[in-house]
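# Secondary and tertiary structure notes
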Amino acid sequence: MKRTARAFWLNSPGEGEIREVTLPAPSEGEVLVRALYSGVSRGTETLVFRGQVPESQHAAMRAPFQEGDFPAPVKYGYLSVGEVEEGPADLVGRTVFCLYPHQTRYVVPVTAVTPVPGNVPAERAILAGTLETAVNALWDAAPLVGDRIAVVGGGMIGCSVAALLARFPGVRVQLVDADPARARVAKALGVDFALPQEALGECDLVVHASATEQGLARSLELLTPEGTVLELSWYGDRQVSLPLGEAFHSRRLVIRSSQVGTVSPARRSSRTYADRLALALELLADPALDALVTGESAFEELPRVMPRLTSGEIPALCHRVRYGKSA
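Presented here is an overview of the structure given in this document. (Residues numbered from 1 in each chain as written. Predicted model: local features only at pLDDT ≥ 70, side-chain atom pairs only at ≥ 80, totals over all residues. Heavy atoms only, no water.)

Spatial ordering of the open sheet is given by β12-β11-β10-β13-β14-β15, a layout of six strands whose pairing is parallel. The open sheet terminates on both sides in strands that have one partner only, identified here as β12 (192-194) and β15 (254-257). The average angle at which neighbouring strand axes cross in this sheet is 25°, direction not considered. Bridge count between strand β11 (residues 172-176) and β12: three bridges; the pairing is parallel. What sits directly across from Leu175, in β12, is Phe193. Of the strands in this sheet, β13 (203-208), β14 (223-231) and β15 touch helix α3 (residues 128-141), which is tilted by about 145° from β14. Most of the contacts of helix α5 (residues 182-189) go to β12, to which it runs at about 165°, and overall it touches β11 and β12. (Pairing = 2+ DSSP bridges. Helix = DSSP H or I, 4+ residues; strand = E, 2+ residues; numbered from the N terminus. Axes fitted to C-alpha atoms, helices over the stretch in contact; angles between N-to-C directions. Contact = heavy atoms within 4.5 Å.)

Okay, here's the thing in structure tokens:
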């Protein structure tokens, strides 16, 4: 019997559609997953939707189950939560997370799905990929007890990092963003909030996630001598200027990148990608993280919703996509 599903495709920059796709029957070592929810990672998916992925980064930016190539047509996404309908007996009926695009059903290897803990709602589990990025950032940054820390940029990644830092003992954590509305999210996550001009200085660590030149420059200003900026922003094909004159050298400041595609062997030689994702899912037991999901729509609405998310008409951290029971 022919198996079909529906998937969201970017036809050309700024224009998407839902297509019917044919599914193979799952073979040994594979599972058939029915999607329950998926998440739109607004920062990255906005760049993809606009066709702004630099040509030099086409290979690095490929999602695990992406089809097509940048700039378009392409099927892209990586925050899917579903229920296993066919596969090994110990997985059938389980809720799982998978780095899969927006699609109603899909067949993937068993190794591509991670069971969602029973104390984590499926609706919240779409944040696993984002929280995994935050876990990796903190493995790279290695904050210490008592550190003074600012997170500049209150988007999906910045808020996830701030939420995890709120659990560290004795640290001073402040979420910094130009949008005063982010103060409500910060409060829900249990961290202080400040506008850029009001942020506390003398920081030992600043995590930058605003994807703006102004945010990166302000991050450097907030550091104490010999402090570090951990750069999480993805700028796509934009050129970024930095104020590396003045006191940058005399204050011995550090700018360090962090990239979720790599688990730093120098820091966590015994940890794997699977360990990192499993940890992220465990951390999602905290209901405070529901504050990161700021909107929801039905899968069928994606061709109309994505342009509005991209333009900012629909303000969002993570936008949740809902699939019907007959998806």
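Back to the text.
This paragraph deals with helix α7 (residues 273-283). Given 3.6 residues to a turn, an α-helix orients residues that are three or four positions apart in the same direction. Buried within α7 we find Arg276, Leu277, Ala280, Leu281 and Leu283. Burial along α7 is one-sided: seen end-on, the buried residues are contained in an arc of 160°. What points out from α7, more than 90 degrees from its buried face, is the exposed set Ala274 and Glu282. Its buried side turned inward, α7 meets β7 (95-98), β9 (113-115), α2 (122-125), α3 and α4 (156-165). (Buried < 20%, exposed > 50% of the residue type's maximum accessible area, 1.4 Å probe, protein only. Arc of directions from axis to C-beta.)

Within the largest apolar cluster, 75 residues are counted, with the highest numbers of intra-cluster contacts made by Leu127 and Val161. Top contributing element to this core by residue count: α3, with eight residues. With residues up to four places along the chain from it excluded, the contact list for Leu127 reads Met156, Leu284, Leu289, Leu292, Val293 and Cys318. Core analysis: the next-biggest nonpolar cluster, separate from the first, contains 15 residues, Val176, Leu216, Leu223 and Leu253 among them. (Core = buried A, V, L, I, M, F, W, Y, C linked by side-chain atoms within 4.5 Å.)

On to the environment of Lys2. Tracing the chain through its elements places Lys2 in the segment before β1 (3-12). When the C-alpha positions of Lys2 and Gly227 are compared, they lie 59 Å apart, and in sequence the two are 225 residues distant.

With an omega of 5°, the peptide bond between Phe70 and Pro71 qualifies as cis. Within the fold, Pro71 resides in the loop between β4 (67-68) and β5 (74-75). Cis geometry marks the peptide bond from Ala72 to Pro73, where omega comes out at -5°. Considering the arrangement of structural elements, one finds Pro73 in the loop between β4 and β5. A positive phi angle is found at Glu202, which is not glycine, with a value near 55°. Tracing the backbone through its elements, the reader meets Glu202 in the loop between β12 and β13. Its relative accessible area of 45% is what places Glu202 among the partly exposed residues. With phi around 45°, Glu246 is a residue other than glycine that occupies positive phi space. Mapped onto the fold, Glu246 is located in the loop between β14 and β15.

Turning our eyes to something else, we now look at empty space enclosed by the protein. Applying the stated rule across the entire model yields one cavity of 30 Å³ or more. Taken as a whole, the largest cavity spans an internal volume of roughly 90 Å³. The set of elements that each furnish at least two residues to the lining of the largest cavity consists of β1, α1 (42-50) and β5. (1 Å grid on protein atoms, 1.4 Å probe; cavity = no way out; pocket = protein on both sides within 12 Å on 5 of 7 lines; lining within 4 Å. Points joined across faces, edges and corners; volume = space filled by probe spheres on them.)

A cluster of nonpolar side chains, namely Val240, Leu242, Leu244 and Ile255, defines an oily patch on the protein surface of about 260 Å² accessible area. When you line up the elements, Val240 lands in the loop between β14 and β15. (Patch = residues over 30% accessible without salt bridge, like charges linked within 9 Å, V, L, I, M, F, W, Y side chains within 5 Å. Areas by Shrake-Rupley, 256 points an atom, 1.4 Å probe, with all protein chains shown as cover. Salt bridge = Lys/Arg side-chain N within 4 Å of Asp/Glu carboxyl O.)

According to the stated counting rule, one finds 18 salt bridges in the structure shown. As a salt-bridge pair, Asp69 and Arg62 come within 2.9 Å of each other at their nearest N and O atoms. Owing to a relative accessible area of 52%, Asp69 belongs among the exposed residues under this scheme. Overall, Arg62 belongs to the partly exposed group, its relative accessible area being 36%. Asp290 is paired through a salt bridge with Arg124; the nearest N and O atoms lie 2.8 Å apart. In this pair, Asp290 sits in the loop between α7 and β16 (293-298) while Arg124 sits in helix α2, placing the two residues 166 residues apart along the sequence.

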